Amino acid sequence: MTGLVTVLGSGAMTNTINGILDSDVMLVIGSNTTETHPIIGLRMLAAAKNGSKLIVADPRRIKLCDSADHWMQQRPGTDGALINALCHVILRDGLEDKEYIAERAENFDAFKESIADCTPELAEKITGVSESVIEEAAHTFAKGKAAGIYYTMGITQHTSGTDNVYALANLAVITGNLGKAGAGLNPLRGQNNVQGSSDMGCLPHFFPGYQKWDDEAAKAKFAELWETPVSDKLGLMATEMPDAINEGKLAGLWIMGENPILSDPNSDHARKAFEKLDCLVVQDIFLTETAEIADVVLPAASFAEKDGTFANTERKVQRVRRAVPPPGDARDDLSIINMVSNRMLGNRKGGFQGASDPIYHTVPPFAGEVFTEITKCWVAMAGMSYERIEEQGLAWPCPDTDHPGTPILHENGFPRGKAWLSAVTWNGPAELPDEEYPFVLTTGRVLYQYHTGTMTRRSEVLEASAPSAYVEMHPADAESLKVNDQEMVRASSRRGSIDLAVRITDRVSKGLVFVPFHYKEASVNLLTNDALDPKCKIPEAKVCAIQITKIDV
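### Quick word on the packing of helix α4 (residues 79–92) against helix α8 (residues 131–143)
The contact between α4 and α8 brings their axes to 9 Å, and the two run at 65 degrees. Comparing the axis directions of α4 and α8 gives the class roughly perpendicular. In this structure, α4 meets α8 at a crossing whose hand is right-handed. Two secondary-structure elements touch here, α4 through L82, A85, L86, V89, I90 and R92 and α8 through I134, E135, A137, A138, H139 and A142. When grouped by side-chain class, the residues that make up the contact of α4 with α8 number nine nonpolar, one polar and two charged.

Okay, structure coming up:
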């Protein structure tokens, strides 16, 4: 989001899921779409079957490669060099959209100079992708009438993650592929309401609606709306919090719907930090690994047990309705927040008196009332209401009640005026293989499990389909280690070790291994690197150096 806001002025998927079928060309980079976003993956396969050209850039041979016209198997952490080379070829061969650039972009000369030396020959040495494949892919993308770019955390979870997004935005702008159907720059959100959480200000430097925390007009508006002064302090990103705890700057933490003990890179570091907190509160639908070390656990309701809205990856705001009541003492998130807030308010007014205190019986706002407040504070949702989205969701921006929503962004320009073409210099990963740690580790998801397995591993059918962790290894590497398929090995990094079975496959190249991160009994995030992107503070979970040794039974 940081990259897209800088370049375009808006940090969200520009086009629609169904619009994939309108694409002439699709570039899928850093996204194992058929396993991590299977419905979107089906759209891509249908588009390819209907004649759309498919370019895949991924270190592993994922399912989409079987339908691809071009597969660029770049080394992990070299995405920026690869994208810069595609842009270089497009400018070198005069394939850019000159009229679009002149009318809708700025900083072109600095951008052009920055990629002047990013030749396909140099990129081949950095990425491992042949010069000819880079040139063919660049021509295919640039010659498409509607070319869409699709990416996920394979692009962003790097110390150069923001620069990677800058580079992809450059590619979309110079080919004129923003503001039209079947094209666009499309980050695929990894969870069902991540977009909505971002929209509502679940980032330390934004109020709801991406209004900056230090903007005086925004501060005044929210102080009036909320009838209380707003903080002048910039908060922390989640990835900065473990270090802040260790430095004595953070004493309490309230975690909702997150399981960082398994999902944070260098997760043992996070665990040790959380154990130092004066108070750790976890709010979730199950007793997660993080909840197990909490001082207080607040049992929450699932999606089917509460009312409200979700905003999906294409910015569509849709109703969520309670189908069944929450079990036991579980409550929906809004009720929990309000109950705690009311007790805090009671303490401020002279002390909470227990269940007899009138504040305890204050009726909290319902989800519909909160939604009405959202429409008052953010113009992009000002035209929405529960009545308007009762049957069909609306994509923001939707500024007034007669507006039909905006499925495709930037048709008439960009929020920041003109798109900013960024001068991007590729920098490699923070940690490279060496003699002691000779393998490159990358991580990801599998079709039958989800994130840290909080829900999917409780499903007998899903768990039976993907019951345990494994490490994918190239046959040549397995032979050099004298390891057979399904034998146990120990994978170790500078941060930790795990034991798991080998899966010998040519899906990965020699020197590269892959481990899914769903499994607590072999939690790969004990190994991964928590080095951060300096701009947006995302960790480099997709590449680190490890060693693998055979376990003698």
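From this point on, the discussion continues.
### Here's the deal with the side chain of H158
Mapped onto the elements, H158 comes out in the loop between α9 (153–156) and α10 (161–174). In this structure H158 comes out as buried when scored by relative accessible area, which is 2%. Looking at H158, its side chain comes within polar contact range of the main-chain oxygen of G154, at 2.8 Å. Every residue in contact with H158, bar those within four places of it in the chain, is listed here: G77, D79, N164, D533, I538, P539, E540, K542 and V543.

### A look at the environment of A501
Checked against the element boundaries, A501 lands in strand β19 (residues 497–504). Residues A501 and D485 lie 16 residues apart in sequence; the distance between their C-alpha atoms is 7.9 Å. Once residues lying within four places of it in the same chain are set aside, the contact partners of A501 are A469, Y470, V471, Q486, E487 and M488.

### A closer look at the domain arrangement of the chain
You can read the domains of the chain as domain 1 (2–188), domain 2 (194–395) and domain 3 (439–550). Counting residues at the interface gives 23 residues for domain 1, matched by 22 residues for domain 3. Of the roughly 1,900 Å² buried at the junction of domain 1 and domain 3 (both faces included), carbon and sulfur atoms supply 54%. Summed over the three residues of domain 1 that lose the most area to domain 3, namely R60, Q157 and T159, the buried surface amounts to 35% of that side. On the surface where domain 1 and domain 3 come into contact, there are three salt bridges. The tally of links from domain 1 across to domain 3 stands at nine residue pairs in polar contact (both at pLDDT 80 or more). Broken down by secondary-structure element, the contributors of at least two residues to the side of domain 1 that touches domain 3 are α2 (33–36), α9 and α10. Taken together, the residues of the side of domain 1 that touches domain 3 break down into six nonpolar, 13 polar and four charged.

### Comments concerning the sheet that holds strand β9 (residues 252–256)
Strand order in this open sheet of three strands is β9-β10-β11, and the pairing throughout is parallel. Lying at the two open borders of the sheet, with one neighbouring strand each, are β9 and β11 (296–299). The mean inter-strand angle of the sheet, taken between neighbouring strand axes irrespective of direction, is 15 degrees. One ladder, built from five bridges, connects β9 with strand β10 (residues 279–284); its direction is parallel. Paired with L253 across the bridge in β10 is L280.

### Observations concerning the layout of surface pockets
The space that makes up the second largest pocket amounts to roughly 540 Å³. Along the walls of the second largest pocket sit 25 residues, with S10, W396, P397, L409 and P415 positioned nearest its centre. Its residues assigned to classes, the lining of the second largest pocket shows 13 nonpolar, ten polar and two charged. Residue assignment places the lining of the second largest pocket across two domains, with domain 1 (2–188) and domain 2 (194–395) each supplying three or more.

### Quick look at the sheet that holds β19
The pairing of strands in a sheet happens through backbone hydrogen bonds and is either parallel or antiparallel. If you walk around this closed barrel you meet the six strands as β16-β20-β17-β19-β18-β21, and the pairing is mixed. Between one strand and the next, the sheet's axes are offset by a mean angle of 45 degrees, whatever the strand orientation. Where strand β16 (residues 439–444) and strand β21 (residues 544–550) come together, three bridges link them in antiparallel fashion. Residue pairing in the sheet places L441 in a bridge with C544 of β21.

### Some thoughts on the pairing of strand β20 (residues 512–516)
Counted residue by residue, β20 has five buried out of five residues, so it is predominantly covered. A two-sided burial pattern is seen for β20, the buried positions comprising L512, F514 and P516 on one face and V513 and V515 on the other. In the sheet, β16 pairs with β20 via five bridges, with the strands oriented parallel. Following the sheet pairing, G444 is matched in β20 by P516. For strand β17 (residues 470–473) and β20, the ladder comprises two bridges, and the chain directions are antiparallel. Looking across to β20, one finds that M473 is bridged to V513.

What counts, and at which threshold
Residues numbered from 1 in each chain as written. Predicted model: local features only at pLDDT ≥ 70, side-chain atom pairs only at ≥ 80, totals over all residues. Heavy atoms only, no water. Axes fitted to C-alpha atoms, helices over the stretch in contact; angles between N-to-C directions. Helix = DSSP H or I, 4+ residues; strand = E, 2+ residues; numbered from the N terminus. Parallel < 35°, antiparallel > 145°, perpendicular 65-115°, else oblique. Left-handed = near helix turned anticlockwise from the far one by under 90°. Contact = heavy atoms within 4.5 Å. Nonpolar A, V, L, I, M, F, W, Y, C, P; charged D, E, K, R; others polar. Buried < 20%, exposed > 50% of the residue type's maximum accessible area, 1.4 Å probe, protein only. Polar contact = N/O pair within 3.5 Å; in protein donor to acceptor, adjacent residues only side chain to side chain. Domains from an automatic or database assignment. Buried area = accessible area lost by both parts, 1.4 Å probe. Salt bridge = Lys/Arg side-chain N within 4 Å of Asp/Glu carboxyl O. Pairing = 2+ DSSP bridges. 1 Å grid on protein atoms, 1.4 Å probe; cavity = no way out; pocket = protein on both sides within 12 Å on 5 of 7 lines; lining within 4 Å. Points joined across faces, edges and corners; volume = space filled by probe spheres on them.

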